[in-house]
Amino acid sequence: MYFLEFAGEDDRFAACEAASAAADVERIAPGLAVARAVAPERVRGLAFTRYASELLGRTDADLESARALLEAAGIDREGTVAVRATDVHGASGIGTGRVERTLGQVLVDRGFDVDLEEPDHVLRAAFSVGELESEPTSRDGNATETDVSVCALGWLESESVRDFGSRAPTDKPFFQPGSMDPLLARAIANIAGARPGATVLDPMCGTGGGLVEAGLVGADVIGTDAQRKMAAGAAENLSSFLDREDPSPVGVARGDWHTALGDGTQLPLRDDAVDAVVFDAPYGRQSKIATHRLEDLVSGALAEARRVADRAVVVADRSWVEEAGAAGWELEATFERRVHRSLTRYVLVLTDAE
């Protein structure tokens, strides 16, 4: 078993993304989850999971319980160690420095040498206190909340690469207002299934930010856009980040890419040509797009996406659930991501309804 430490405030969204790198993800406390197995190389590319650790055990979120757990745990490792503690959202009020010293002493007493700079093994100690919200039930759509107090101990297995600030939309060669930030774009790419060997299509690729993130975790990417300026700009951005011989920051070969001028409602692709489709639908203020009404554009794009793939992730400023259903999609999950006071992004995760 492993435990995961999430980043951000929306644990349901983080768990959905984490499922692309871990098996049987189950939230156990605010900011924490357990999983039956993880793919360390995939964890490196996650946006909303910071750490994955091999679980030693879990107990109540207090120092004495953590110390007792560590003293009783079987440890089959050799080499130097360090302890890293965190208080999720600052809710437990525990002193992380004291935790690190106390648990570090337990390890010293068990024969380990401590190396705080370059340890062979890192023991993660995560303390979380608060309300754990369950998944909404299918019957009434409501969730329940349970008060929890959890400390999870485990040996660090993998951590995500936090380089998203190096790809801020305004720092890319081609920029347009309204571009999605790379953190969310990476999560959406992961949820869609971007990885080495997969092909991801964005039929409204805009500046290509979502495809950049998919390509950096190893997927081959295809982008089309009805505006010539956007198709050319996306190519400029994709070339800047993917046309390199060195591995991506997460350690995999960068994906190949192609862009073209095209209508998302009439894709020049054969049936089942790609593994997944992602797109950020135009927002209400852009309700007139070329020759299409917004409703016709999104409905048509959803239908075409269903023709060429059996999985899609759609981002928009409203829910397009009915249109997705009409196009033959089944809703796997939906999330709301608040951007600012006047904009909430809806994320729909869609799978083959057949």
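Residues numbered from 1 in each chain as written. Predicted model: local features only at pLDDT ≥ 70, side-chain atom pairs only at ≥ 80, totals over all residues. Heavy atoms only, no water.

1. Thoughts on the pairing of strand β3 (residues 26-29)
Pairing between β3 and strand β4 (residues 32-35): three bridges, direction antiparallel. By the bridge assignment for β4, Arg27 is matched with Ala33. Where β3 folds back onto β4 in an antiparallel hairpin, the turn is made up of two residues, including Gly31, whose phi is positive at roughly 80°. (Pairing = 2+ DSSP bridges. Helix = DSSP H or I, 4+ residues; strand = E, 2+ residues; numbered from the N terminus.)

2. Here we look at a negative patch on the surface
Together, Glu131, Glu133, Glu145 and Asp147 give the surface a local cluster of negative charge. Contributions of two or more residues to the negative patch are made by β8 (121-133) and β9 (145-159). Tracing the sequence through the fold places Glu133 in strand β8. Taking relative accessible area as the criterion, Glu133 reaches 38% and is therefore assigned partly exposed. (Patch = residues over 30% accessible without salt bridge, like charges linked within 9 Å, V, L, I, M, F, W, Y side chains within 5 Å. Areas by Shrake-Rupley, 256 points an atom, 1.4 Å probe, with all protein chains shown as cover. Salt bridge = Lys/Arg side-chain N within 4 Å of Asp/Glu carboxyl O. Lys, Arg positive; Asp, Glu negative; His and termini not counted. Charge placed at Lys NZ, Arg CZ, Asp CG, Glu CD. Buried < 20%, exposed > 50% of the residue type's maximum accessible area, 1.4 Å probe, protein only.)

3. Thoughts on the packing of aromatic side chains
Following the criterion strictly, the structure yields two aromatic pairs and no others. Geometrically, the ring pair formed by Phe13 and Phe48 is edge-to-face, given 5.6 Å between the ring centres and 65° between the ring planes. Taken together, the positions of Phe13 in helix α1 (residues 11-18) and Phe48 in the loop between α2 (40-43) and β6 (49-59) put the pair 35 residues apart, joining distant regions of the chain. Note on accessibility: Phe13 and Phe48 belong to one class, buried. Pairing Phe13 with Phe335 gives two aromatic rings, centres 5.1 Å apart and planes at 75°, and the pair type is edge-to-face. Highlighted residues: Phe13 in helix α1 and Phe335 in strand β17 (residues 329-340), separated in sequence by 322 residues. When sorted by exposure, Phe13 lands in the same class as Phe335, which is buried. Taken together through their ring pairs, the aromatic side chains of Phe13, Phe48 and Phe335 make up a single cluster. Stacked on the ring of Trp329, the Lys or Arg Arg306 has its end atom at 5.8 Å from the ring centre. Of note, Arg337 hangs over the ring of Phe48, and the distance from its end group to the ring centre comes to 4.9 Å. (Phe/Tyr/Trp six-rings, centres within 6.5 Å; stacked < 30°, edge-to-face > 60°. Lys NZ or Arg CZ within 6 Å of the ring centre and 35° of its normal.)

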